[in-house]
Amino acid sequence: MKRSSISLSIAVGVLAFACGSPAQPADGTIADASFDAAESDATTDVLGPDRTDDGEQGRLEIDRTLVSFGDWLCHTTPAMPQGITVRNPTRGVARYTVSLQGDHPEFYRLIDTGSGVIAAGGSVTIRASQEEPSLPLTANTQGVRNALVVIDAGTLGTTSVALTSNRVGADLQVDGGDFDFGDVAPGSSRSVVVQLRNVGTAATTVDVRSTFGNPFVLDLPGAPGVVSLAAGATLLATLTYAPIGVGEHDGTATFATGNNTCQSNAEVGTLTARGRATRGSLRVSGDVDFGRVNCGATASARTVELTNAGTAPLTWSASLGLGPTSSFRVSPMGGTLAPGASAPVTVTPSPIPSYVPSLPAIFEDSLSFESSASGDPPRTIRLRQEAQGAILRWSGPMLQRLRALPGLVATSEAVSLENVGNLTTSVSTGLSAGSLFGIENGPRTIAPGASKSYQVSYTPRTATDTATTSVTVTAPTLCTPVPPAPVVMGQPHTEGLDVGRESIVMTSPCRSRPGREAVPLTATGTIPIAVSIGFAPTAGANHFRVVDESGAPIAGRTVQPGTRDIVYVEYNRPAVGDIERAKPLPRRAS
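Residues numbered from 1 in each chain as written. Predicted model: local features only at pLDDT ≥ 70, side-chain atom pairs only at ≥ 80, totals over all residues. Heavy atoms only, no water.

**A short note on the overall build of the protein**
Broken down by element type, the protein carries zero helices and 47 strands. Buried positions account for 42% of the 590 residues belonging to the protein. Residue pairs at least 24 apart in sequence account for 73% of intrachain contacts in the protein once pairs closer than 6 positions are excluded. Per element, the accessible surface of the protein, about 27500 Å² overall, is 51% carbon and sulfur. (Helix = DSSP H or I, 4+ residues; strand = E, 2+ residues; numbered from the N terminus. Buried < 20%, exposed > 50% of the residue type's maximum accessible area, 1.4 Å probe, protein only. Contact = heavy atoms within 4.5 Å. Areas by Shrake-Rupley, 256 points an atom, 1.4 Å probe, with all protein chains shown as cover.)

**Observations concerning the pattern of salt bridges**
As enumerated under the stated definition, the model contains 18 salt bridges in all. Between Glu386 and Arg384 there is a salt bridge whose closest N-O contact spans 3.5 Å. Taking relative accessible area as the criterion, Glu386 reaches 9% and is therefore assigned buried. One salt bridge connects Arg516 with Glu570, and the closest N-O pair in it is separated by 2.9 Å. Pair noted here: Arg516 is in strand E43 (residues 515-523) and Glu570 is in strand E47 (residues 564-571), with a separation of 54 residues, a long-range link. (Salt bridge = Lys/Arg side-chain N within 4 Å of Asp/Glu carboxyl O.)

**Description of the sheet that holds strand E25 (residues 328-331)**
Overall, antiparallel pairing links the four strands, which are arranged E21-E23-E27-E25 in an open sheet. The sheet terminates laterally at strand E21 (282-284) and E25, the two strands that pair on one side only. The mean angle between the axes of side-by-side strands here comes to 25°, regardless of whether they run parallel or antiparallel. (Pairing = 2+ DSSP bridges. Axes fitted to C-alpha atoms, helices over the stretch in contact; angles between N-to-C directions.)

**Some words on the nonpolar core**
Grouped together as the largest cluster of nonpolar side chains are 30 residues, with contacts concentrated most on Val304, Leu306, Leu367 and Phe369. Looking at this core, the elements with two or more residues in it are E21, strand E22 (288-294), strand E23 (302-308), strand E24 (314-320), E25, strand E27 (342-349), strand E28 (362-371) and strand E29 (379-388). The contact partners of Phe369, leaving out residues within four places of it in the chain, are Leu282, Val284, Val304, Leu306, Trp316, Ser317, Ala318, Val345, Pro378, Arg379 and Ile381. Formed by 23 residues, the second largest nonpolar core is a distinct cluster that contains Phe181, Leu196, Tyr241 and Ala277. (Core = buried A, V, L, I, M, F, W, Y, C linked by side-chain atoms within 4.5 Å.)

**Considering the environment of Gly280**
Within the secondary structure, Gly280 is located in the loop between strand E20 (267-277) and E21. Sequence spacing of Gly280 and Val246 is 34 residues, and the spatial spacing of their C-alpha atoms is 9.9 Å. Not counting the four nearest positions on each side in its chain, Gly280 is found in contact with Asp376 and Arg379.

**Focus on the confidence of the model for the protein**
On average, residues of the protein carry a pLDDT of 80, and 81% of them reach 70 or more. Taken element by element, the predicted model of the protein shows its lowest mean pLDDT in strand E1 (residues 3-13) (49) and its highest in E25 (97). Low pLDDT, under 50, characterises residues 40-57; the predicted model gives this stretch 36 contacts beyond four residues in sequence or across chains. Scored below 50 in pLDDT, residues 576-590 makes 45 contacts in the model with residues more than four places away or belonging to other chains. (pLDDT = per-residue confidence, 0-100.)

**Topic: the side chain of Ser326**
Among the structural elements, Ser326 can be located in the loop between E24 and E25. Relative accessible area serves as the criterion here: at 4%, Ser326 is assigned to the buried category. Within the local environment of Ser326, its side chain forms a polar contact with the side chain of Asp365, the two groups lying 2.6 Å apart. When sequence neighbours within four positions are dropped, the list of residues in contact with Ser326 reads Leu320, Ser350 and Asp365. (Polar contact = N/O pair within 3.5 Å; in protein donor to acceptor, adjacent residues only side chain to side chain.)

**Overview of the sheet that holds E29**
Within the open sheet, the five strands sit side by side as E22-E29-E28-E24-E26. Their pairing is mixed. Lying at the two open borders of the sheet, with one neighbouring strand each, are E22 and strand E26 (334-337). When the angles between neighbouring strand axes are averaged without regard to direction, this sheet yields 20°. Of the pairings in the sheet, the one linking E22 to E29 comprises five bridges and is parallel in character. In the sheet register, Asn294 faces E29, and the bridge partner there is Gln388.

**Some points on empty space enclosed by the protein**
With the rule as written, the count across this model stands at one cavity of 30 Å³ or more. Approximately 30 Å³ is the volume found for the largest cavity. What lines the largest cavity is simply Gln400, Ser412, Glu413, Val415, Tyr454, Gln455, Val456, Val471, Pro486 and Val488. Considering only residue class, the lining of the largest cavity consists of six nonpolar, three polar and one charged. (1 Å grid on protein atoms, 1.4 Å probe; cavity = no way out; pocket = protein on both sides within 12 Å on 5 of 7 lines; lining within 4 Å. Points joined across faces, edges and corners; volume = space filled by probe spheres on them. Nonpolar A, V, L, I, M, F, W, Y, C, P; charged D, E, K, R; others polar.)

**Points about the packing of aromatic side chains**
Inspection of the entire model under this criterion finds ten aromatic pairs. Ring geometry for Phe181 versus Phe216: centroids 6.1 Å apart, planes at 45°, classification tilted. Residue Phe181 is located in strand E13 (residues 178-184), and its partner Phe216 is located in strand E16 (residues 216-219); the two are separated by 35 residues in the primary sequence. Pair check on accessibility: Phe181 and Phe216 agree, each one buried. Judged by centre distance (6.4 Å) and plane angle (65°), the ring pair of Trp394 and Tyr454 falls under edge-to-face. (Phe/Tyr/Trp six-rings, centres within 6.5 Å; stacked < 30°, edge-to-face > 60°.)

**Details of the environment of Glu61**
Here Glu61 is to be found in strand E3 (residues 61-62). Judged by its relative accessible area of 40%, Glu61 is partly exposed. Separated by 62 residues in the primary sequence, Glu61 and Ser123 have C-alpha atoms spaced 9.1 Å apart. Those residues in contact with Glu61 that sit more than four places away from it in its chain are Thr85, Val86, Arg87 and Pro89.

**Some remarks on the side chain of Gln400**
Its place among the elements puts Gln400 in strand E31 (residues 399-404). Aside from chain neighbours lying at most four places away, what touches Gln400 is Ser412, Glu413, Val415, Val487, Val488 and Met489.

**Points about the environment of Ala309**
For Ala309, the location among the structural elements is in the loop between E23 and E24. Residue Ala309 is classed as partly exposed on the basis of its relative accessible area, which comes to 47%. Considering only alpha carbons, one finds Ala309 and Ala338, 29 residues apart in sequence, at a separation of 9.2 Å. Excluding its chain neighbours within four sequence positions, the residues that come into contact with Ala309 are Ser281 and Arg283.

**Points about unusual backbone geometry**
Cis peptide bonds are those with omega within 30 degrees of zero, and the linkage from Asn214 to Pro215 qualifies with 10°. Mapped onto the elements, Pro215 comes out in the loop between strand E15 (204-210) and E16. Residue Pro360 follows Leu359 across a cis peptide bond; omega there is 5°. As for its placement among the helices and strands, Pro360 is situated in the loop between E27 and E28. With phi around 55°, Thr477 is a residue other than glycine that occupies positive phi space. With respect to the secondary-structure elements, Thr477 resides in the loop between strand E39 (467-474) and strand E40 (487-492). By relative accessible area, which is 26% here, Thr477 ends up partly exposed.

Rendered as structure tokens:
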């Protein structure tokens, strides 16, 4: 919103009649009347700007520009709220609004109201505190969390205070996950090493709960029970499958951390295992899980090991459950194994599609082996891969129109870019065209379930700088194209207030009715103009007032677009003197 100020000089002389008071001054009185216009898209009462002695416009003052809460351990009591003192050094009442913006506003909250009034020379305290957010586990990670307290005082300007804290905590990762020991002959065994790693910045405890029993053995010092895990430390556990009789077996172990993890207070690590004990000749290693693969990418091929544990040669054949429509290819599809011999079977996954409309997207199939050996049952294992990537969605107004006077800045409503995928991505934003526009930029990361807000600014240079732009986004590892971006249309305007007189000369006979002069006010544009009218604090100014047609005093007026309104200046001071002069003052530039 642009404020313009127009001044006129009022010179008043009193006709030379005896007024009965020789002490009254005989000279005229001069007062400067100012008409402050506030251009806005809506009719509103707007305070006039406060000017200092050197002509600069007054602004709100803050006692700090940075509030640091230090380290914040996840899921623990946050630090005490901190206050920000806002002072109004101007001579008028200041209205303000407060909002949270920046990279991570979800980690903070404002305790006090989001708007208010500060008296001239007064101050208020805005308190900010930390907030434990309700976020998906993948979004509530460790690291520095920054936000901004934005204080908008309209014509007195906008200022901001940075909030920062360092998110610390435990972060347990369990390597191994879902493990298939495959076919194991009774009386023999297979083992796998499992790592429990605390990749966080704080020590934690790990409560190990295991349903593993014969034929599984979980060897972890202190388990089952509670074990300690320092920040950055690793615990090694050995899981062994040693069947005695034939059959299929499975088991599970869960690893739950203390309440200082940034992920959640629930189970954060699970290890499942299964195996098949058989006396047949053909042995097949376990399932093949390619894990998460980026959209548009292809995982590396893996092998399944076949072994002939019998005493005679055998032939084998392989088949895919989905046949030619499978997301996997197998080579070879058959062969011969001598007694005690082994052979690899290569499993090659198809590329993850470049376009995956939603996540999770899992591609699975079964791979079965049949043997010619007497008594060998079919062996079936699972093949699996999952799509991974970011899916970005816009939220907020998709078309915005900005209007500003040449040389001034207008900003759009915030639009948010949300990641509804399952992979953190870096995002760079730009504008399709237009040097008259600006936007926040730079790569910024958006975690799954999180979002970033952006505002577009528009600064016309001349009254003909009409332009249109749209937000552009580039990001790696996308599973869908970024949808159509918000469009911003910028149009300069020449809104203003025309005051129909530059000076007023008034005469007032002694003890007569107050002198009155009309001042036309015209809104020259297409939006309402809120006008605040007052007098400069000079000698004699208190003898003037502004009234409407009925004579009622007024302090302002709202002039509708394209219309003219009339206010009246009255002088009401009996005095003796001649008309001296009218001193017009130049208009101040709009």
